[in-house]
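# Structural features, examined
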Amino acid sequence: MIEVPIIENYTTLPEIITDHQRVIIADNLTAGGTTPSKGVMAESTLYVHDHDGSITFIIKPRQGDYTYTDTELKIMEADLLEAQQLGADEVIFAATTANHEIDAEAMANLIAAAGGMTITLAAIWASVSTPDSQTFSQLADSGVEHVLFDLDTKDQDDWAGFISKASAQQLIPVPVSKDSKKLSAFTAQHHLNLGVLG
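### Quick word on the packing of helix α3 (residues 70–86) against helix α4 (residues 104–113)
- Where α3 meets α4, the axes come as close as 8 Å, and the angle between the chain directions of the two elements is 25 degrees. In terms of axis orientation, α3 runs roughly parallel to α4. Note on packing geometry: the crossing formed by α3 with α4 is right-handed. Mapping the contact onto sequence places Leu73, Met76, Glu77, Leu80, Leu81 and Gln84 in α3 and Ala106, Asn109, Leu110 and Ala113 in α4.
- The class makeup of the residues in the contact of α3 with α4 is seven nonpolar, two polar and one charged.

Take a look at the structure:
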């Protein structure tokens with residue numbers, strides 16, 4: 001398994017990149033993670049690419065849920081374009097409706113703004129209706145490549161169906177956990193190649 005750490009801003013990046021070729025950067029991790037500043041994105045991207053690594057940014061305009069106003073969505077689009085111009089490899093984001101479903105229109109606009117970068121759907125499943133095969137098919141067709149899910153929010157066995165449905169639509173399911181041993185054991189059990197630590 002490739003373990004990808006989430007870190008806050010630039011401070012620990014030089015230390016982390018010596019042991020990991022992939023890294024995720026956000027601001028305000030204690031609040032769930034928000035979009036890092038333009039300066040952090042620029043310097044982090046340069047540093048990681050200079051060390052032959054791959055960098056991902058969380059794009060989220062505020063803490064809390066993923067149901068955004070039109071203004072917040074415009075902010076996210078601008079941040080995605082900025083990340084793209086700075087050379088980011090991957091971005092993590094999501095948008096949901098007040099009815100606890102994926103906001104297809106908002107996602108389409110965000111995905112368009114993220115052109116050229118790998119797109120990963122944030123771990124939204126604690127607040128969104130249980131996804132079916134059609135949901136995963138629509139995500140795959142729209143350009144999403146990875147879907148995160150949080151191992152720490154429910155029993156690990158509950159994720160087996162999720163993994164099966166996502167994989168059937170050529171999406172890559174990626175578990176997230178704060179526990180490195182749990183993450184390693186789960187990915188080995190389910191034959192997953194990626195895991196996010198954070």
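### Concerning unusual backbone geometry
- Phi is positive for asparagine 28, which is not a glycine, with a value near 50 degrees.
- Within the fold, asparagine 28 resides in the loop between β2 (22–26) and α2 (38–50).
- Asparagine 28 gets classed as partly exposed once you look at its relative accessible area, which sits at 36%.
- Of note, histidine 191 is a non-glycine position whose phi angle comes to about 55 degrees, a positive value.
- Turning to its location among the elements, histidine 191 is positioned in the loop between α7 (180–189) and β8 (194–197).
- Overall, the relative accessible area of 69% leaves histidine 191 in the exposed class.

### Notes on the sheet that holds strand β7 (residues 172–177)
- One closed barrel accounts for eight strands, arranged β1-β2-β3-β4-β5-β6-β7-β8; its pairing is parallel. On average, each strand axis in the sheet is inclined to that of its neighbour by 25 degrees, with strand direction left out of account.
- Bridging between strand β4 (residues 90–93) and strand β5 (residues 118–121) involves four bridges; their strand directions are parallel. Each bridged residue has a counterpart across the sheet, and for isoleucine 92 the counterpart in β5 is threonine 120.

### Comments concerning helix α6 (residues 160–168)
- Every buried residue of α6 is listed here: Phe162, Ile163 and Ala166. Burial along α6 is one-sided: seen end-on, the buried residues are contained in an arc of 95 degrees.
- For α6, the elements touching its buried residues are α5 (133–142), β6 (146–150), β7 and α7.
- Count one or two residues on from α6 and you reach glutamine 170, which has phi positive near 65 degrees.

### Here we look at the packing of α2 against α3
- Relative to each other, α2 and α3 sit at 25 degrees, their axes nearing to 10 Å. One element, α2, and the other, α3, form an angle in the roughly parallel class. Crossing angle aside, the handedness with which α2 passes α3 is right-handed. Residues Lys38, Met41, Ala42 and Thr45 of α2 form the contact with α3, whose participating residues are Asp79, Glu82, Ala83 and Leu86.
- Within the contact of α2 with α3, the residues separate by chemical class into four nonpolar, one polar and three charged.

### Thoughts on the side chain of glutamate 90
- Within the secondary structure layout, glutamate 90 lies in strand β4.
- In this structure the side chain of glutamate 90 is engaged in a polar contact, spanning 3.2 Å, whose partner is the side chain of threonine 56.
- Of the polar contacts made by the side chain of glutamate 90, one reaches the side chain of threonine 120; its length is 2.4 Å.
- Residues contacting glutamate 90, with those up to four places away along its chain left out, are Arg22, Ile55, Thr56, Phe57, Met117, Thr118, Thr120 and His146.

### Thoughts on the packing of aromatic side chains
- This model, assessed by the stated rule, comprises nine aromatic pairs.
- Look at tyrosine 10 and tyrosine 47: their rings are 5.9 Å apart centre to centre, the planes differ by 80 degrees, and that puts the pair in the edge-to-face class. Separated by 37 residues along the polypeptide, tyrosine 10 in the loop between β1 (2–8) and α1 (13–16) and tyrosine 47 in helix α2 bring together distant segments of the chain.
- Residue class for tyrosine 47 comes out partly exposed when judged on its relative accessible area of 22%.
- Where phenylalanine 149 meets phenylalanine 162, the ring centres are 5.1 Å apart and the plane angle is 50 degrees; that geometry is what we call tilted. With a gap of 13 residues between them, phenylalanine 149 in strand β6 and phenylalanine 162 in helix α6 connect regions that are remote in the sequence. Taken as a pair, phenylalanine 149 and phenylalanine 162 share a single burial class, namely buried.
- Within the aromatic cluster, the residues linked to one another by ring pairs are Trp125, Phe136, Phe149, Trp159, Phe162 and Phe186.
- Above the ring of tyrosine 66, the side-chain terminus of lysine 60 is found at 4.6 Å from the ring centroid.
- A cation sits over an aromatic face here: lysine 154 above tryptophan 159, 4.6 Å from the ring centre.

Reading the values: rules and limits
Residues numbered from 1 in each chain as written. Predicted model: local features only at pLDDT ≥ 70, side-chain atom pairs only at ≥ 80, totals over all residues. Heavy atoms only, no water. Axes fitted to C-alpha atoms, helices over the stretch in contact; angles between N-to-C directions. Helix = DSSP H or I, 4+ residues; strand = E, 2+ residues; numbered from the N terminus. Parallel < 35°, antiparallel > 145°, perpendicular 65-115°, else oblique. Left-handed = near helix turned anticlockwise from the far one by under 90°. Contact = heavy atoms within 4.5 Å. Nonpolar A, V, L, I, M, F, W, Y, C, P; charged D, E, K, R; others polar. Buried < 20%, exposed > 50% of the residue type's maximum accessible area, 1.4 Å probe, protein only. Pairing = 2+ DSSP bridges. Arc of directions from axis to C-beta. Polar contact = N/O pair within 3.5 Å; in protein donor to acceptor, adjacent residues only side chain to side chain. Phe/Tyr/Trp six-rings, centres within 6.5 Å; stacked < 30°, edge-to-face > 60°. Lys NZ or Arg CZ within 6 Å of the ring centre and 35° of its normal.

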